[in-house]
Amino acid sequence: MSDKVNSDQKFEDFSTWYDKILLEAHIADDRYPVKGFTVYTGWGYSIAKRIYQMLENMLEEVDHQPMQFPVVIPEDAFQKEADHIEGFSAEVFWITHAGDNKLERRLLLRPTSETAIYPMFKLWIRSHADLPLRMHQTCNVYRYETKATRPLYRGREFLWNEGHTAHVDFEDAERQVQVAVKIYRKVYDALGLSYILLKRPDFDKFAGAVYTLAFDTWNPDGKTSQIGTVHNLGENFAKAFDVTYEDDEGSHRYVSNTCYGMGFGRTLAATIAHHGDNNGLVLPPLVAPKQVVIVPILFRGREGDVVGYSKEIEAKLKEAGIRTVLDDDDRLRPGEKYYKWDMYGVPLRVEVGPREAEARTVTLVRRDNRAKSKASFDELVETIQGLFEDLFADLKRRSRERLESELVDAHSLDELKSYMEQRKIARVNWCGEPRCAFELKDQVAGEVRGTLWDGSDEPTGPCMVCGDEAKYIAYVSQTY
Ligand SMILES: [Zn+2]
């Protein structure tokens, strides 16, 4: 079956397409008068909220305590982990004054919260009985980004959820990494997003981590976007903050930490970018603020029947837990309503005219491929649930197919250059040396994003850059 999905605009001119949806579907408004700071508006924030509540629930099911730390971090705490300072200091917003008085101790707005949280872990953790300790928080973090900003992709304030854990040893931290990866996968899978899970090269890992895993996803403009990361911090932060516990033999040992973060702006942006089409958003039913819109089609003299029947349908769907809106605004024509709710990405439209009212049926229209079907009032709920499943399966499949179509194997720098111009994600043989990755970045409009974490990639020839034996298949792309 061919897909009647018309989505060429986002591939041809992503910026124009994306900016229009942000405003018209009330996702976000970038006109806030501070550069890099964006307002989430009603529809967009409702979707973001569903995404982070899903993540919060999953984390709490596996024993993460919800917490909320202060947004300010004292300078001395921030400066305890050397790599961390080096990685973040250029992006930090400082608070230096209270009124006209200079603060004795400078404070910074958290760019991430390790240096806020681990000094408290030190106070809370005494013995091995206190471990593992797992917490999470949904909050805003602040980074003075110097690259071009784009709403939800890169801003100077962003909304995320961060998880932090402490363990008796590195092995237990490794198990936690697996748990975090599994949860993040569940969230992205529930949104129908395809991604590759990469281990970042050492030169690109989180500042202070032993290693970093990153979920990278495709974008219609050919860049990849990092939508989540999971880090094993080993004892690096425990040593910096002196977080120890007494083991069962009475000796003091450092804890091992993990942390992970999921940005909701980028996750929402990916949901928009993967599934949207020329008419606007297309939302997975799970996170759609409204899942069904009922549009009555009124003919003079028959308004009463149609409106009454539409209200019956609305009540039935709401009772079944389906988020439903009845658009009975008589200032808009049906075509204008279709345009509006298409833009909002509501997964299903129920059309009700005099004929439907009389026969007690409805016409159902899928948002993604516009396929029409009929259902009787009695079988309405089951039919809609079936259509939700079909629509979601198709969104997920299209997203995966797109990712697969972007993945190519490059065998020479010239070939890689050409693939980067076509905005592909290329696999190349790599010896693992940073200098080869840097050389590659100098030569082509793309960079080494990492190696497949969970995969069975085997090099197929010598390193593309130096010709020595390759140890890895590296993924190379342009990136946000
Ligand atoms: Zn090499």
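All values reported here derive from a predicted model rather than from experimental measurement. (Residues numbered from 1 in each chain as written. Predicted model: local features only at pLDDT ≥ 70, side-chain atom pairs only at ≥ 80, totals over all residues.)

1. Comments concerning the overall build of the protein
No. 1: A count of helices and strands for the protein gives 15 helices and 23 strands.
No. 2: Taken over C-alpha atoms, the radius of gyration comes to 25 Å for the protein, in line with the 23 Å a tight globule of 480 residues would show.
No. 3: Across its three principal directions, the C-alpha atoms of the protein cover 85 × 55 × 50 Å.
No. 4: Burial statistics for the protein: of 480 residues in total, 42% are counted as buried.
No. 5: Long-range contacts, defined here as pairs at least 24 residues apart, represent 69% of the contacts in the protein between residues at least 6 apart. (Helix = DSSP H or I, 4+ residues; strand = E, 2+ residues; numbered from the N terminus. Rg over C-alpha atoms; globule rule 2.2 N^0.38 Å. Buried ≥ 20, exposed ≤ 12 C-beta atoms within 10 Å, placed from the backbone. Contact = placed C-beta atoms within 7 Å.)

2. With respect to the nonpolar core
No. 1: One finds Ile51, Leu416 and Trp430 to be the most contacted residues of the largest nonpolar core, which totals 115 residues.
No. 2: In this structure, Ile51 is in contact with Val187, Leu191, Phe264, Thr267, Leu268 and Val287, ignoring residues within four places of it in sequence. (Core = buried A, V, L, I, M, F, W, Y, C linked by C-beta atoms within 7 Å.)

3. Section: the packing of helix 3 (residues 42-61) against helix 7 (residues 170-190)
No. 1: In contact at an axis separation of 10 Å, helix 3 and helix 7 are set at 150° when each is read in the N-to-C sense. Classified by the angle their axes make, helix 3 and helix 7 are roughly antiparallel. In terms of crossing hand, the pair formed by helix 3 and helix 7 is right-handed. Seen from helix 3, the contacting residues are Ile51, Met54, Leu55, Met58 and Leu59; seen from helix 7, they are Ile183, Lys186, Val187 and Ala190. (Axes fitted to C-alpha atoms, helices over the stretch in contact; angles between N-to-C directions. Parallel < 35°, antiparallel > 145°, perpendicular 65-115°, else oblique. Left-handed = near helix turned anticlockwise from the far one by under 90°.)

4. Some remarks on the environment of Pro111
No. 1: Tracing the backbone shows Pro111 in the loop between strand 6 (101-109) and helix 6 (114-124).
No. 2: On a C-alpha basis, the gap between Pro111 and Glu303 in space is 57 Å, while along the polypeptide they are 192 residues apart.
No. 3: With residues near it in sequence (within four places) discarded, Pro111 still touches Phe88, Glu91, Val92, Val141, Tyr142 and Arg143.

5. A word on the sheet that holds strand 5 (residues 94-98)
No. 1: Read across the sheet, three strands follow the order 4-6-5 without closing on themselves; strand pairing throughout is antiparallel. Of all the strands in the sheet, just strand 4 (72-74) and strand 5 have a single pairing partner and so form its edges. When the angles between neighbouring strand axes are averaged without regard to direction, this sheet yields 45°.
No. 2: Examined bridge by bridge, strand 5 and strand 6 share four bridges and lie antiparallel to one another. When the sheet's bridge partners are listed, Trp94 is paired in strand 6 with Leu108. (Pairing = 2+ DSSP bridges.)

6. Regarding the sheet that holds strand 15 (residues 292-296)
No. 1: Sheet architecture is open: five strands sit in the order 16-15-17-18-19, paired in mixed fashion. The sheet is open, and its two edges are formed by strand 16 (324-326) and strand 19 (372-376), each paired on a single side. In this sheet, neighbouring strand axes are inclined to one another by 25° on average, regardless of whether the strands run parallel or antiparallel.
No. 2: Here four bridges tie strand 17 (residues 348-352) to strand 18 (residues 361-366), and the two strands are oriented antiparallel to one another. When the bridges of strand 18 are listed, Val350 appears paired with Leu364.
No. 3: Lying on the sheet, helix 10 (residues 303-319) is in contact with strand 15, strand 16, strand 17 and strand 18; it crosses strand 15 at an angle near 170°.

7. Notes on the domain arrangement of the protein
No. 1: According to the domain assignment, the protein consists of domain 1 (8-275), domain 2 (292-387) and domain 3 (407-479).
No. 2: The straight-line distance from the C-alpha centre of domain 1 to that of domain 3 is 27 Å.
No. 3: At the interface, 14 residues of domain 1 touch 15 residues of domain 3.
No. 4: Secondary-structure elements contributing two or more residues to the side of domain 1 that touches domain 3 are strand 9 (196-199), strand 10 (211-218) and strand 11 (223-234).
No. 5: Residue composition of the side of domain 1 that touches domain 3, by class: seven nonpolar, two polar and five charged. (Domains from an automatic or database assignment. Nonpolar A, V, L, I, M, F, W, Y, C, P; charged D, E, K, R; others polar.)

8. Observations concerning the pairing of strand 15
No. 1: With five of five residues buried, strand 15 is to be regarded as a mostly interior element.
No. 2: Taking every second residue as pointing to the same face, both faces of strand 15 are buried, with Val292, Ile294 and Pro296 on one and Val293 and Val295 on the other.
No. 3: Bridge analysis of strand 15 against strand 16 gives three bridges, and the strand direction is parallel. Among the inter-strand pairings, Val293 is bridged to a residue of strand 16, identified as Val325.
No. 4: With five bridges joining them, strand 15 and strand 17 adopt parallel strand pairing. By the bridge assignment for strand 17, Ile294 is matched with Val350.

9. Some details on the pairing of strand 11
No. 1: Across the 12 residues of strand 11, 10 count as buried, placing the element largely inside the fold.
No. 2: Alignment of strand 10 against strand 11, held across eight bridges, turns out to be antiparallel. Paired with Phe215 across the two strands is Gly228, which belongs to strand 11.
No. 3: If you look at the hairpin formed by strand 10 and strand 11, you'll find four residues sitting between the two strands, and Gly222 has a positive phi there, around 90°.
No. 4: When strand 11 meets strand 23 (residues 472-479), the two strands line up parallel, connected through two bridges. When the sheet's bridge partners are listed, Thr224 is paired in strand 23 with Thr479.

10. Some thoughts on unusual backbone geometry
No. 1: Here Leu131 and Pro132 are connected by a cis peptide whose omega angle stands at -5°.
No. 2: Residues other than glycine seldom take positive phi values, yet Leu152 does so here, at roughly 75°.
No. 3: Turning to its location among the elements, Leu152 is positioned in the loop between strand 7 (133-142) and strand 8 (157-167).
No. 4: For Leu152, a count of 27 C-beta atoms within 10 Å corresponds to the buried category.

11. Notes on the packing of helix 3 against helix 9 (residues 264-275)
No. 1: Where helix 3 contacts helix 9, the axes come no closer than 10 Å and their chain directions differ by 110°. Classified by the angle between their axes, helix 3 and helix 9 sit roughly perpendicular to one another. Between helix 3, through Gly44, Ile47, Ala48, Ile51 and Tyr52, and helix 9, the contact on the second element is made entirely by Phe264, Thr267 and Leu268.
No. 2: Looking at the contact of helix 3 with helix 9 residue by residue, the class counts come to six nonpolar, two polar and no charged.

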